[in-house]
Amino acid sequence: MPDTPLVVDWDGTVTEVDGLHLVLLEFGDAEIYEAHESRLGRELTLQEVIAGEFESVRAPLPEVLGWMRENARLRAGFREFARRHRPLIVSSGFHELIEPVLEREGLELEVRANRLDPRPEGWRVLFRPQATCAVCGEPCKRADVVALDGFVYVGDGYSDRCVAEAAKRVFARDGLATYLAERGVEFEPFTDFVDLETRL
Ligand SMILES: [Mg+2]
Ligand SMILES: [Zn+2]
């Protein structure tokens, strides 16, 4: 499928471990984090959870970036995969935390993500404008791909649920795979980008 657009989630999909979770555990408040995660999708929207969790981070951004560049590990084969296919990255995370890692890997990719206002009294999240999704009723990644016709989606988590159902082919792992399986939505499991490359 050489001309099919590829759309890839960042945290937990490109990265081996969700970088937002890592930052929150390293620099945020673990109790606030647990309290928000347990209410996700029930009492709180994804944006409310992200905003509430990151308010507990007060470290200077350069310190977090230094830590991120050292600790963010990418799944096997991503660099080669990205050079070949130029995927669009759609993330509920932040340009500020994604771009330094791409730079470390020598990659320049189009990224749709949110931005940070890292105030010393607690980080504020500047969400990108996303219309409320007609399918899930929240601002959602579908808004990032409306212009794409028949895309392949690669993801792992909560923020990928709705957009994955709009894709013509889905590669999923972890929570996203469980969710799609429970709903009877067709997907292909993947382990890393070496594996994925052989199946495109
Ligand atoms: Mg993810
Ligand atoms: Zn949606």
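Predicted, not measured: the structure shown is a model, and the values here were computed from it.

Rules used throughout
- Residues numbered from 1 in each chain as written.
- Chains lettered and ligands numbered in written order.
- Predicted model: local features only at pLDDT ≥ 70, side-chain atom pairs only at ≥ 80, totals over all residues.
- Heavy atoms only, no water.
- Donors = N, O, S within 2.8 Å, 3.2 Å for Na, K, Ca; no water.
- Buried < 20%, exposed > 50% of the residue type's maximum accessible area, 1.4 Å probe, protein only.
- Core = buried A, V, L, I, M, F, W, Y, C linked by side-chain atoms within 4.5 Å.
- Contact = heavy atoms within 4.5 Å.
- Helix = DSSP H or I, 4+ residues; strand = E, 2+ residues; numbered from the N terminus.
- Arc of directions from axis to C-beta.
- Lys, Arg positive; Asp, Glu negative; His and termini not counted.
- Salt bridge = Lys/Arg side-chain N within 4 Å of Asp/Glu carboxyl O.
- Pairing = 2+ DSSP bridges.

A. Summary view of the coordination of the magnesium ion (ligand 1). Only Asp-9 (OD), Asp-11 (O) and Asp-156 (OD) from the protein coordinate the magnesium ion (ligand 1), and they sit 2.1 to 2.2 Å from it. Of note, the magnesium ion (ligand 1) draws all its donor residues from one chain, in the sequence arrangement D-x1-D-x144-D. For the pair Asp-9 and Asp-11, one class covers both residues: buried.

B. Representation of the nonpolar core. Among the nonpolar cores identified, the biggest contains 45 residues, and Trp-10, Phe-54, Phe-78 and Leu-97 are the most heavily contacted of them. When neighbours within four sequence positions are excluded, Leu-97 is seen to be in contact with Leu-20, Val-23, Leu-61, Val-64, Leu-65, Met-68 and Leu-116. Core analysis: the second largest hydrophobic core is formed by 15 residues, Val-7, Val-90, Tyr-153 and Leu-180 among them.

C. Summary view of the coordination of the zinc ion (ligand 2). Distances from the zinc ion (ligand 2) to its protein donors, namely Cys-133 (SG), Cys-136 (SG), Cys-140 (SG) and Cys-162 (SG), fall within the range 2.3 to 2.4 Å. In terms of primary sequence, the donors binding the zinc ion (ligand 2) are separated according to C-x2-C-x3-C-x21-C. Here Cys-136 falls in the partly exposed class, since its relative accessible area comes to 37%.

D. Geometry of helix α5 (residues 78-85). Those residues of α5 that fall on the buried side of the exposure criterion are Phe-78, Phe-81 and Ala-82. Down the axis of α5, the sector holding all buried residues measures 95°, keeping them to one side. Looking at the buried positions of α5, the neighbouring elements they touch are β1 (6-8), β2 (88-94) and α9 (193-199). Immediately downstream of α5, the backbone of Arg-86 shows phi near 45°, a positive value.

E. Geometry of the side chain of Glu-96. For Glu-96, the position within the fold is in helix α6 (residues 95-104). Of the side chains with opposite charge, Arg-115 lies nearest to the buried Glu-96, which makes no salt bridge, at 4.2 Å. Those residues in contact with Glu-96 that sit more than four places away from it in its chain are Leu-61, Leu-65, Asn-114, Arg-115 and Leu-116.

F. Structural view of unusual backbone geometry. One non-glycine residue, Arg-86, adopts positive backbone phi at about 45°. Residue placement: Arg-86 occurs in the loop between α5 and β2. Positive phi values are uncommon outside glycine, yet Asp-174 reaches one of about 50°. On the secondary structure map, Asp-174 appears in helix α8 (residues 174-183).

G. Up close: the pairing of strand β4 (residues 122-126). With 5 bridges connecting them, strand β3 (residues 111-119) and β4 associate as antiparallel partners. Among the inter-strand pairings, Asp-117 is bridged to a residue of β4, identified as Arg-124. In textbook terms, the turn of a hairpin is the stretch between consecutive antiparallel strands, and for β3 and β4 this stretch comprises 2 residues.

H. Main features of the sheet that holds strand β7 (residues 188-189). Pairing within the open sheet is mixed, and its 7 strands lie in the order β4-β3-β2-β1-β5-β6-β7. Strand pairing shows two members of the sheet lacking a second neighbour, β4 and β7, which therefore form its edges.

I. Local environment of the environment of Glu-55. By the secondary structure assignment, Glu-55 is in the loop between α3 (46-54) and α4 (61-71). Under the relative-accessibility criterion, Glu-55 is labelled partly exposed at 45%. Taking the C-alpha atoms as reference, Glu-55 lies 9.8 Å from Leu-24; in sequence the two are 31 residues apart. With residues up to four places along the chain from it excluded, the contact list for Glu-55 reads Glu-121, Gly-122 and Trp-123.

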